[in-house]
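Each chain, letter by letter, is given below.
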Amino acid sequence: METISANETIVRAPDILRGTPVFRGTRVPFQALLDYLEGGETLDEFLDDLPTVSREAAVAALEFAKSLLVGQLG
């Protein structure tokens, strides 16, 4: 299984959803993943509903978000 880092996974470009952070190669905002999880849905449900996002990309993005939060709190 290939390891993907968050900086390779989440991108921002002014011409894609006005610069909203999205999963590379998609128009799926990272916020959509957070909204799914906040709403009580699982990662598998997110991936089933948005198949253009790979499991590896979703996990890398969550790990990156976690590291940012822990860094802010530490």
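The rules behind each value
- Residues numbered from 1 in each chain as written.
- Predicted model: local features only at pLDDT ≥ 70, side-chain atom pairs only at ≥ 80, totals over all residues.
- Heavy atoms only, no water.
- Helix = DSSP H or I, 4+ residues; strand = E, 2+ residues; numbered from the N terminus.
- Rg over C-alpha atoms; globule rule 2.2 N^0.38 Å.
- Buried < 20%, exposed > 50% of the residue type's maximum accessible area, 1.4 Å probe, protein only.
- Contact = heavy atoms within 4.5 Å.
- Areas by Shrake-Rupley, 256 points an atom, 1.4 Å probe, with all protein chains shown as cover.
- Lys, Arg positive; Asp, Glu negative; His and termini not counted.
- Charge placed at Lys NZ, Arg CZ, Asp CG, Glu CD.
- Axes fitted to C-alpha atoms, helices over the stretch in contact; angles between N-to-C directions.
- Parallel < 35°, antiparallel > 145°, perpendicular 65-115°, else oblique.
- Nonpolar A, V, L, I, M, F, W, Y, C, P; charged D, E, K, R; others polar.
- Patch = residues over 30% accessible without salt bridge, like charges linked within 9 Å, V, L, I, M, F, W, Y side chains within 5 Å.
- Salt bridge = Lys/Arg side-chain N within 4 Å of Asp/Glu carboxyl O.
- Phe/Tyr/Trp six-rings, centres within 6.5 Å; stacked < 30°, edge-to-face > 60°.

Comments concerning the overall build of the protein chain
- On a plain count of helices and strands, the protein chain comes out with four helices and two strands.
- Here the C-alpha radius of gyration of the protein chain, 12 Å, is about what a compact globule of 74 residues would show, namely 11 Å.
- The C-alpha extent of the protein chain, read off along each of the three principal axes, is 35 × 30 × 30 Å.
- Relative to its full complement of 74 residues, the protein chain shows a buried share of 28%.
- Taking the intrachain contacts of the protein chain between residues at least 6 apart in sequence as the baseline, contacts between residues at least 24 apart amount to 35%.
- Element-wise, carbon and sulfur atoms account for 54% of the exposed surface of the protein chain, whose accessible area totals about 5200 Å².
- Distance between charge centres in the protein chain, computed from 6 positive and 12 negative side chains, equals 9 Å.

Overview of unusual backbone geometry
- Located in the positive-phi region is L17, a residue other than glycine, with phi close to 50°.
- In this structure, L17 sits in the loop between β1 (10–11) and β2 (22–23).
- Looking at L17, the relative accessible area reads 31%, which means it is partly exposed.

Description of the packing of helix α2 (residues 30–38) against helix α4 (residues 55–73)
- Look at α2 against α4: their axes get within 11 Å of each other, and the N-to-C directions meet at 85°. The angle between α2 and α4 places the two elements in the roughly perpendicular class. Counting all contacts with α2, which are made through F30, L33, L34 and L37, the residues of α4 involved are A58, A61, L62 and A65.
- Taken together, the residues that form the contact of α2 with α4 break down as eight nonpolar, no polar and no charged.

Considerations on a negative patch on the surface
- On the surface, E41, E45, D48 and D49 cluster together into a patch of negative charge.
- Mapped onto the secondary structure, D49 falls in helix α3 (residues 43–49).

Describing the packing of aromatic side chains
- In the structure shown here, the tally under the stated rule is three aromatic pairs.
- For the pair F23 and F46, a centre-to-centre distance of 6.2 Å together with 45° between the ring planes defines the contact as tilted. With F23 in strand β2 and F46 in helix α3, the pair connects residues that are 23 residues apart, well separated along the chain. We note that F23, like F46, is buried.

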